[in-house]
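Chain by chain, the residues run as shown.
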Amino acid sequence: MHSGETGQRLGQLPLVLGMPVIVCQNFDVSGGIVNGSIGTLTKIRYKVDNITGQRILTSCVVKLPDNEHERAMESLNNHEFPILDDTV
C-alpha cells in the first residue's frame with residue numbers, strides 16, 4: 001500500500017522481543033530519549049480490538065544502553081525506557 005494512503009506510515013511491522021529499534025521522534029530530550037536513539041525492544045503492551053481481534057500497540061519498553069540515565073522507572077531494569085503510543 002502506498003504510504004500516502006496510510007498517513008505517511010509504512011503499514012504493519014511485526015514486533016519481536018530482542019529486535020533492534022530506532023527511536024524516531026524526541027520523547028524526552030532532557031532524558032536522552034531522542035530521535036535516532038538505538039536500542040533493543042524488551043517489552044510490548046497492546047490492546048485487542050474486540051471487533052477485528054487485531055492487537056494494537058499501546059506502549060513498549062526499549063533498552064537504550066548508550067543512554068546516560070540508568071533507570072527511568074523503578075519497575076524497569078537499568079537503561080530500559082518506556083515508549084508510549086503517539087496520540088498527537
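Quick caveat, the model's predicted, so the values are computed rather than measured.

1. Some remarks on the overall build of the chain
Looking only at helices and strands, the chain has 0 helices and 4 strands in total. Secondary structure elements of the chain, listed N to C terminal, follow the sequence β-β-β-β. Counting only residues that meet the buried cut, the chain has 22% of its 88 residues in that class. The contacts of the chain with a sequence gap of at least 6 include a subset with a gap of at least 24, amounting to 31%. When the accessible area of the chain is evaluated, it comes to approximately 6,900 Å², of which 53% is carbon and sulfur surface.

2. Some points on the sheet that holds strand E2 (residues 38–48)
Strand order in the open sheet formed by 4 strands is E1-E2-E3-E4, and the pairing between neighbours is antiparallel. The strands lining the two open edges of the sheet, one partner per strand, are strand E1 (20–22) and strand E4 (80–84). Here the strands of the sheet are splayed against their neighbours by 45° on average, with no regard to which way each runs. Across 8 bridges, the pairing between E2 and strand E3 (residues 55–63) is antiparallel. Looking at E3, one finds that Ile44 is bridged to Cys60.

3. A few points about the nonpolar core
The biggest cluster of nonpolar side chains holds 10 residues, and these are Met19, Val21, Val23, Ile33, Leu41, Cys60, Val62, Leu64, Phe81 and Ile83. Every element with two or more residues in this core is listed here: E3 and E4. Among residues more than four places away in sequence, those in contact with Met19 are Pro14, Gly39, Thr40 and Leu41.

4. Quick look at the side chain of Ser37
Following the sequence through the fold, Ser37 ends up in the loop between E1 and E2. Since its relative accessible area comes to 12%, Ser37 is described here as buried. Within the structure, the side chain of Ser37 is placed 2.9 Å from the backbone oxygen of Val34, a separation counted as a polar contact. For Ser37, the residues in contact, after removing those within four places along its chain, are Val21, Ile22, Val23, Gly32 and Leu64.

5. Quick look at the packing of aromatic side chains
Overall, the coordinates contain 0 aromatic pairs when judged by the stated rule. The ring of Tyr46 carries the charged tip of Arg55 above its face, separated from the ring centre by 5.1 Å.

Cut-offs applied
Residues numbered from 1 in each chain as written. Predicted model: local features only at pLDDT ≥ 70, side-chain atom pairs only at ≥ 80, totals over all residues. Heavy atoms only, no water. Helix = DSSP H or I, 4+ residues; strand = E, 2+ residues; numbered from the N terminus. Buried < 20%, exposed > 50% of the residue type's maximum accessible area, 1.4 Å probe, protein only. Contact = heavy atoms within 4.5 Å. Areas by Shrake-Rupley, 256 points an atom, 1.4 Å probe, with all protein chains shown as cover. Pairing = 2+ DSSP bridges. Axes fitted to C-alpha atoms, helices over the stretch in contact; angles between N-to-C directions. Core = buried A, V, L, I, M, F, W, Y, C linked by side-chain atoms within 4.5 Å. Polar contact = N/O pair within 3.5 Å; in protein donor to acceptor, adjacent residues only side chain to side chain. Phe/Tyr/Trp six-rings, centres within 6.5 Å; stacked < 30°, edge-to-face > 60°. Lys NZ or Arg CZ within 6 Å of the ring centre and 35° of its normal.

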